[in-house]
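Observations on the model geometry
Single-letter residue listing:
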Protein chains: 2
Amino acid sequence: MSKKTIILISREYGSGGRIIGQKLAAALNIPFYDREIILRSCQESGYTSNLFEKANETDRHPLSYRLTMYSNAVSFQELSINDQIFLIQSKVIREMAKESCVIIGRLADYILRDDPDIIRLFIQAPIQDRIARVKEEYQDNDSNIEQKIHRIDKNRATYYNYYSNQKWGYMKNYDLVINTSKISIDDSVNMLIHLFNQKQTSNKK
Amino acid sequence: MSKKTIILISREYGSGGRIIGQKLAAALNIPFYDREIILRSCQESGYTSNLFEKANETDRHPLSYRLTMYSNAVSFQELSINDQIFLIQSKVIREMAKESCVIIGRLADYILRDDPDIIRLFIQAPIQDRIARVKEEYQDNDSNIEQKIHRIDKNRATYYNYYSNQKWGYMKNYDLVINTSKISIDDSVNMLIHLFNQKQTSNKK
C-alpha cells in the first residue's frame, strides 16, 4: 500500500477481533502487532522482562535501574511501574505507526489519536456467541466462561478508561464497528480488504 | 439478489446515512424506503391523510372513522393517534420486509427484530462534519445549525426509545456502525455493495 494506513482494533473478548486483524494484515501484507508483540518490543528496547511481568502487580516494587532513553529519567522513575510501562508502550506504538500496520488493543487508538492515517475498528458480538467461540477457538471448557469473558472485558475497559480518560466501547470513538454474529469473520475480512484497497486507489487519484 | 436482505439504516442527522441507503439500494437494485415513503404507503393503504396530519398534535382529537382492517377496531381506536400510526407503520414495514429492501429509520430495526435477514446499520459522524454537510447538502444557512442537528437527533432518539424500550444509538443494537468522516460516503457504499454481494455468494454455497 502506498499511503500509510494504521488499522487499530479494539474488541470484546471472544468476538474474533484478533483473527480479523491477523487475516487482514496478512492480506494487506502489513505487520500485525498484538499485545505480546508490543510487550516483546518493549523488552527488546532494553528493559528487563521483569518490569513487564510486574505491570499488573502493586506499585511498591522499586525500580533498580535508570531508564536512560528518557532525558528526565529521574522524574520518570518516580512514576508507578504501570505508568512507566504505559509510556514505554506508547513510544513503541508510535514507532510502529510510522508504517502501515494492524495493532490490536493497548490503547493504540488513544495514543495515536492525532494521527490522520488511523482507522479505529471495534469488533463486537452478543455474549452467547462469544461464549461459543471461546469454547471452540481456545478449547476452553471452563465451567464459567461467561464470567471469565466479562472479567477480561472489564479489565480491558478499566485499563483503557484509566489511561485515556475515554470510555472503552463508546461508539463515538470508533470509525467502524462490526458485529461478527451478523457479519462473519471471513465476510468482515473480505469487506475490510476491499475497503482498504479501495481507499488506497482513491488516495492515489 | 437471491436470498432476502433487509438493510435497516439508523443515522445521525447530517451523517449521510440517507444517501448511503439510496445509493446502496440503487446498486443492489432493491427498493429504498425512507420515512416519507413509509408515511405515503400508510396513507395509500386506505387510511385518510387526516390521521397522519394529526400525528404530531395532541391526542384529544377524536378519530372519526373506524380502521376496519383491525379486527379489534374498537380497542385500536382507543389508542392515541401516535400509537395508532406506530402500529400502522409497523404493519407497512413488515409488508415491505417480505422482499429485499433498504429502510431508513422508523424503528424498523426494532419492528423487524425477529427477522433473521435484517442487518442493522448506524451511520454517524462528528458534529463539526455534520454541520458542514447540512450546510452544503441542504443549502441550510440557519445560523444555529448545530442546535437544529441536536434537536432532530433528540427527537429521533425520543421517538425510538419510547416505542422500542431500547436506546437509539446504543452500539450493541447495530451490526455495522460507520463514521462517514473517516470512511467516505462513496467508500462506505462500495464497501457495503461488496459485503452484500459477497454475502449472497456465500449464502448460495
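Above this note sits the structure.
A brief structural summary. Note that this is a predicted model, so its numbers are computed, not measured.

**Here we look at the sheet that holds strand β3 (residues 101-104) of chain B**
Across the sheet, which stays open at both edges, the ten strands sit in the order β2(A)-β3(A)-β1(A)-β4(A)-β5(A)-β5(B)-β4(B)-β1(B)-β3(B)-β2(B) with mixed pairing between neighbours. Of all the strands in the sheet, just β2 (32-33) of chain A together with β2 (32-33) of chain B have a single pairing partner and so form its edges. Looking at chain direction, strand β4 (residues 118-124) of chain B and strand β5 (residues 176-179) of chain B are connected through four bridges and run parallel. By the bridge assignment for β5(B), F122(B) is matched with V177(B). Each of β1 (6-11), β2, β3 and β4 of chain B is contacted by helix α1 (residues 17-28) of chain B, which is oriented at about 165° to β1(B), the strand it contacts most.

**A short note on the packing of helix α7 (residues 127-137) of chain B against helix α8 (residues 145-164) of chain B**
Residues and elements named next belong to chain B. Packing of α7 against α8 leaves a shortest axis separation of 10 Å and a crossing angle of 100°. Judged on the interaxial angle alone, α8 and α7 are roughly perpendicular. Only I145, E146, I149, H150 and D153 of α8 make contact with α7, whose side of the interface consists of I127, Q128, R130, I131, V134 and K135. For the contact of α7 with α8, the residue count by class is five nonpolar, two polar and four charged.

**Some details on the relation of the copies chain B and chain A**
Rotating chain B by 180° and moving it 0.0 Å along the rotation axis overlays it on chain A with an RMSD of 0.0 Å. Expressed as an axis order, the relation between the two copies is that of a two-fold axis. Taking the C-alpha atom as reference, chain B places V177(B) closest to the rotation axis, 2.4 Å from it.

**Description of the interface of chain B and chain A**
In this assembly, 29 residues from chain B lie in contact with 29 residues from chain A. Linking chain B with chain A are two salt bridges, by the criterion used here. Here K172(A) and E12(B) are joined by a salt bridge, their closest N and O atoms 2.5 Å apart. Taken together, chain B and chain A are joined by 16 residue pairs in polar contact (both at pLDDT 80 or more). The element that contributes the greatest number of residues to the side of chain B that touches chain A is helix α9 (residues 185-204) of chain B, accounting for eight residues. In terms of residue class, the side of chain B that touches chain A is made up of 13 nonpolar, seven polar and nine charged.

**Notes on the packing of aromatic side chains**
Residues and elements named next belong to chain A. Evaluation of the coordinates by the stated rule reveals ten aromatic pairs over all chains. Taken together, F86, Y159, Y162 and Y163 form an aromatic cluster joined through their ring pairs. Its end group placed over the ring of Y110, R113 keeps NZ or CZ at 3.9 Å from the ring centre.

**What about the pattern of salt bridges?**
Taken as a whole and assessed by the stated rule, the structure comprises 22 salt bridges over all chains. For the salt bridge of D153(B) with R130(B), the shortest nitrogen-to-oxygen distance reads 2.8 Å. Separated by 23 residues along the polypeptide, D153(B) in helix α8 and R130(B) in helix α7 bring together distant segments of the chain. Taking the relative accessible area as the measure of exposure, R130(B) reaches 4% and is therefore buried. Taken together, the shared-partner salt bridges connect E12(A), R130(A), D153(A), R156(A) and K172(B) into one network.

**Digging into the nonpolar core**
Soluble globular proteins tend to bury their nonpolar side chains together. Grouped together as the largest cluster of nonpolar side chains are 50 residues, with contacts concentrated most on I103(A), L112(A), I103(B) and L112(B). If one sorts the elements of this core by residue count, helix α5 (residues 81-96) of chain B sits on top with five residues. Among all residues touching L112(A), those that are not within four sequence positions of it are I6(A), L8(A), I93(A), R94(A), A97(A), I103(A) and I118(A).

**Considering the layout of surface pockets**
Any empty space left between the atoms is revealed when a probe the size of a water molecule rolls over them. Volume-wise, the second largest pocket comes out at about 750 Å³. Around the second largest pocket, the lining is made up of 29 residues, and of these Y170(A), M171(A), G169(B), Y170(B) and M171(B) lie nearest the centre. Where the lining of the second largest pocket is concerned, the elements lending two or more residues are β4 (118-124) and α8 (145-164) of chain A together with α8 of chain B. Broken down by class, the residue content of the lining of the second largest pocket amounts to ten nonpolar, seven polar and twelve charged.

**Comments concerning helix α5 (residues 81-96) of chain A**
The end-to-end C-alpha distance of α5(A), which contains 16 residues, comes to 22 Å, matching closely the 22 Å that a straight helix rising 1.5 Å per residue would cover. For α5(A), the set of buried residues is I81(A), Q84(A), I85(A), F86(A), I88(A), Q89(A), S90(A), V92(A), I93(A) and M96(A).

**Notes on unusual backbone geometry**
For L107(A), which is not a glycine, the phi torsion comes out positive at approximately 60°. Considering the arrangement of structural elements, one finds L107(A) in the loop between β3 (101-104) and α6 (108-111).

**A short note on α8(B)**
Because the α-helix completes a turn every 3.6 residues, residues three or four places apart line up on one side. All names here are of chain B. Across its 20 residues, α8 extends 28 Å between first and last C-alpha, which sits within 8% of the 28 Å expected from 1.5 Å per residue. Every buried residue belonging to α8 is among I145, K148, I149, D153, R156, A157, Y160, Y163 and S164, and all of these are buried. Check the buried side of α8 and you find it contacts β1, α5, α6 (108-111) and α7. At the exit of α8 stands N165, carrying a positive phi of roughly 55°.

**Considerations on the environment of K23(A)**
With respect to the helices and strands, K23(A) occurs in helix α1 (residues 17-28). If near-sequence neighbours (up to four positions away) are discounted, K23(A) is found in contact with D186(A) and V189(A).

**Some thoughts on the environment of Y110(A)**
All names here are of chain A. Looking at the element boundaries, Y110 is found in helix α6. For the pair formed by Y110 and D187, sequence separation is 77 residues and the distance between their alpha carbons is 27 Å. Excluding anything up to four places from it in sequence, Y110 contacts Y160, Y163, S164 and Q166.

Procedures and definitions
- Per-chain numbering applies: the sequence of each chain, read as written, is numbered from 1 onward.
- The order in which chains are written sets their letters, starting at A; the order in which ligands are written sets their numbers, starting at 1.
- The predicted origin of the model limits local features to residues at a pLDDT of at least 70 and limits the giving and counting of side-chain atom pairs to 80 or more, whereas totals for whole chains, interfaces and linings rest on all residues.
- Excluded from the side-chain calculations are hydrogens and water; all other atoms, namely the structure's heavy atoms, are used.
- DSSP calls a pair of strands paired once it identifies at least 2 bridges connecting them.
- In DSSP terms, a helix is any run of H or I states spanning at least four residues, a strand is any run of E spanning at least two, and both are numbered starting from the N terminus.
- By definition in these notes, contact holds between two residues if any of their heavy atoms fall within 4.5 Å.
- Angles here are taken between N-to-C directions and fall from 0 to 180 degrees, while the axes themselves are lines fitted to C-alpha atoms, restricted in helices to the stretch in contact.
- Should an angle lie under 35 degrees it is considered roughly parallel, over 145 roughly antiparallel, and from 65 to 115 roughly perpendicular; all remaining angles are considered oblique.
- When residues are sorted by character, Ala, Val, Leu, Ile, Met, Phe, Trp, Tyr, Cys and Pro go into the nonpolar class, Asp, Glu, Lys and Arg into the charged class, and all the rest, Gly among them, into the polar class.
- All copies are superposed by least squares; the fitting set is the C-alpha atoms of residues with a pLDDT of at least 70 in both.
- Think of a salt bridge as a Lys or Arg side-chain nitrogen and an Asp or Glu carboxyl oxygen that are within 4 Å of each other.
- Counting of polar contacts relies on pairs of N or O atoms within 3.5 Å, with two restrictions inside protein: one atom must be capable of donating a hydrogen and the other of accepting it, and residues adjacent in sequence are counted only when both atoms are side-chain atoms.
- Ring pairs are drawn from Phe, Tyr and Trp, using the six-membered ring of Trp, whenever the two centres fall within 6.5 Å, and their geometry is named by plane angle: stacked under 30 degrees, edge-to-face over 60, tilted for the rest.
- Charge over a ring is defined by NZ of Lys or CZ of Arg lying within 6 Å of the ring centre and within 35 degrees of the ring normal.
- Per-residue accessibility, obtained with a 1.4 Å probe over protein chains only, is compared with the maximum for each type, and a residue is labelled buried under 20%, exposed over 50%, and partly exposed between these values.
- The criterion is simple. A nonpolar core is a set of buried Ala, Val, Leu, Ile, Met, Phe, Trp, Tyr and Cys residues joined through side-chain atoms within 4.5 Å.
- For cavity detection a 1 Å grid was placed over the protein atoms alone, and a set of points counts as a cavity when a 1.4 Å probe fits there but cannot get out; an open set counts as a pocket when protein lies on both sides within 12 Å along at least five of seven lines, with lining residues being those that have an atom within 4 Å of a point.
- Grid points are joined across faces, edges and corners, and a volume is the space filled by probe spheres set on the points.
- Multiply 1.5 Å by the residue count of a helix minus one, and that product is the helix's expected span.

Keep in mind that these numbers describe shape and distance, not what the molecule does.
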